[in-house]
Amino acid sequence: SPGVPETVVFGVIDGAGVRRSLPVLSEKIRERFPKLTPAAFASHILKTSAEEQLRKDPGHPLWNILIKANDVLRDEITRIIGTFDAEKIVKILGEPFSDDPRNVRLILPTCVATLARLDLDTSRLEFAHVGDTSLFELFDDGDIIRHTRDQMGPFDFQALESVLTLQHRRQIEHFSDVVS
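All figures in this text were calculated on a predicted structure; none of them were measured in a lab.

Some details on the nonpolar core
Leu22, Leu25, Phe41, Ile81 and Ile89 are the most contacted members of the largest nonpolar core, which has 28 residues in total. Contributions of two or more residues to this core are made by helix H1 (23–32), helix H2 (38–56), helix H3 (62–81), helix H4 (86–93) and strand S2 (110–119). Here this core takes eight residues from H3, the largest share from any one element. Discounting residues that sit within four places of it in the chain, Ile89 has contacts with Leu22, Ile81, Thr83, Phe84, Val104, Ile107 and Leu108.

Examining the confidence of the model for the protein chain
Looking at the protein chain as a whole, its pLDDT mean stands at 85, while 86% of the residues score no less than 70. Mean pLDDT in the protein chain bottoms out at helix H6 (residues 175–179), which sits at 68, and peaks at H2, which reaches 96.

What to know about the side chain of Thr148
The topology assignment puts Thr148 in the loop between strand S5 (144–146) and helix H5 (153–170). Thr148 gets classed as buried once you look at its relative accessible area, which sits at 5%. For Thr148, the side chain forms a polar contact with the main-chain nitrogen of Leu135, separated by 2.9 Å. Discounting chain neighbours no more than four positions away, the residues touching Thr148 are Phe127, His129, Thr133, Ser134 and Leu135.

Things to note about a nonpolar patch on the surface
Residues Val8, Phe10 and Leu120 make up a contiguous nonpolar surface patch of roughly 240 Å² in combined accessible area. With respect to the helices and strands, the residue Leu120 is situated in the loop between S2 and strand S3 (124–130). Under the relative-accessibility criterion, Leu120 is labelled partly exposed at 40%.

Examining the packing of H2 against H3
Any two packed helices are characterised by the angle at which their axes cross and by the distance between the axes. Between H2 and H3, the shortest axis-to-axis distance is 9 Å and the interhelical angle comes to 130°. Here H2 lies oblique to H3, going by the angle between them. The crossing of H2 and H3 is right-handed. Here H2 contributes Phe41, Ala42, Ile45, Leu46, Ser49, Ala50, Gln53 and Leu54 to the contact with H3, which in turn contributes Asn64, Ile65, Leu66, Lys68, Ala69, Val72, Leu73, Glu76, Ile77 and Ile80. When its residues are assigned to classes, the contact of H2 with H3 shows 13 nonpolar, three polar and two charged.

What about the packing of aromatic side chains?
This model, assessed by the stated rule, comprises one aromatic pair. The interplanar angle of 50° and the centroid separation of 5.9 Å between the aromatic rings of Phe33 and Phe41 together place this pair among those described as tilted.

As for the sheet that holds S3
The strands that make up a sheet are held in pairs by hydrogen bonds between backbone atoms, and each pair lies either parallel or antiparallel. Strand order in the open sheet formed by three strands is S1-S2-S3, with antiparallel pairing between adjacent strands. If you trace the sheet from one side to the other, it starts and ends with strand S1 (7–16) and S3, each paired once. Averaged over all adjacent pairs, the angle separating strand axes in this sheet is 10°, with direction ignored. Taken together, the 10 bridges between S1 and S2 define a ladder with antiparallel strand orientation.

What to know about H2
Since the α-helix advances by 3.6 residues per turn, residues separated by three or four positions end up pointing in the same direction. The terminal C-alpha atoms of H2 lie 27 Å apart, and with 19 residues this matches the ideal 27 Å at 1.5 Å per residue to within 8%. Every buried residue of H2 is listed here: Pro38, Ala39, Phe41, Ala42, Ser43, Ile45, Leu46, Ser49, Ala50, Gln53 and Leu54. If you follow the buried residues of H2, they end up packed against S1, H1, H3 and S2.

Some remarks on H4
Buried within H4 are the following residues: Ile89, Val90 and Leu93. Seen end-on, H4 carries its buried residues on one side only, within an arc spanning 100°. Facing away from the buried surface of H4 by more than 90 degrees, the exposed residues are Glu87 and Lys91. Considering only its buried residues, H4 is in contact with H3. The N-capping residue of H4, defined by a side-chain oxygen 3.0 Å from the backbone nitrogen of Lys88, is Asp85. A positive backbone phi angle near 85° is found at Gly94, which sits one or two residues after H4.

Reading the values: the criteria
- Residues numbered from 1 in each chain as written.
- Predicted model: local features only at pLDDT ≥ 70, side-chain atom pairs only at ≥ 80, totals over all residues.
- Heavy atoms only, no water.
- Core = buried A, V, L, I, M, F, W, Y, C linked by side-chain atoms within 4.5 Å.
- Buried < 20%, exposed > 50% of the residue type's maximum accessible area, 1.4 Å probe, protein only.
- Helix = DSSP H or I, 4+ residues; strand = E, 2+ residues; numbered from the N terminus.
- Contact = heavy atoms within 4.5 Å.
- pLDDT = per-residue confidence, 0-100.
- Polar contact = N/O pair within 3.5 Å; in protein donor to acceptor, adjacent residues only side chain to side chain.
- Patch = residues over 30% accessible without salt bridge, like charges linked within 9 Å, V, L, I, M, F, W, Y side chains within 5 Å.
- Areas by Shrake-Rupley, 256 points an atom, 1.4 Å probe, with all protein chains shown as cover.
- Salt bridge = Lys/Arg side-chain N within 4 Å of Asp/Glu carboxyl O.
- Axes fitted to C-alpha atoms, helices over the stretch in contact; angles between N-to-C directions.
- Parallel < 35°, antiparallel > 145°, perpendicular 65-115°, else oblique.
- Left-handed = near helix turned anticlockwise from the far one by under 90°.
- Nonpolar A, V, L, I, M, F, W, Y, C, P; charged D, E, K, R; others polar.
- Phe/Tyr/Trp six-rings, centres within 6.5 Å; stacked < 30°, edge-to-face > 60°.
- Pairing = 2+ DSSP bridges.
- Expected span 1.5 Å × (residues − 1).
- Arc of directions from axis to C-beta.

Below you can see the structure in the form of structure tokens.
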């Protein structure tokens, strides 16, 4: 339509595996979504919440979409297990978890995400980001802009250095042959 900017919204959502299973939660998730792990459940909730919010208001700020999607995930978990209180969740687990109740986050479904909206008329890029996903902008001249901070960078760098060392030691021609 004339006067209405043409935009593209895209993103990446990646479920983060739980460190310890909360059986009642995992079972209830499987009853509703037979093919989803808790991590995939978290990604599914974020994705469907974001899509619904964008359908209602295509210009809604992306940072707010992530916050509201997180609220939806919390509400879904609360609906399934009856609480979102750390101490109560540890009691449901039925065994001591640690001295720090904040570690309960290691048993709850979660995900990381980057959402982006590109206005094709103005080339304006808006993005929102949580966790260790990254957003890179690649230009025809080869320039690259990293828009997000890489929280896992030091670990990724170590892994990359190890792969390159292995590639060199074993005289493997292609990088992809080392990691596959």
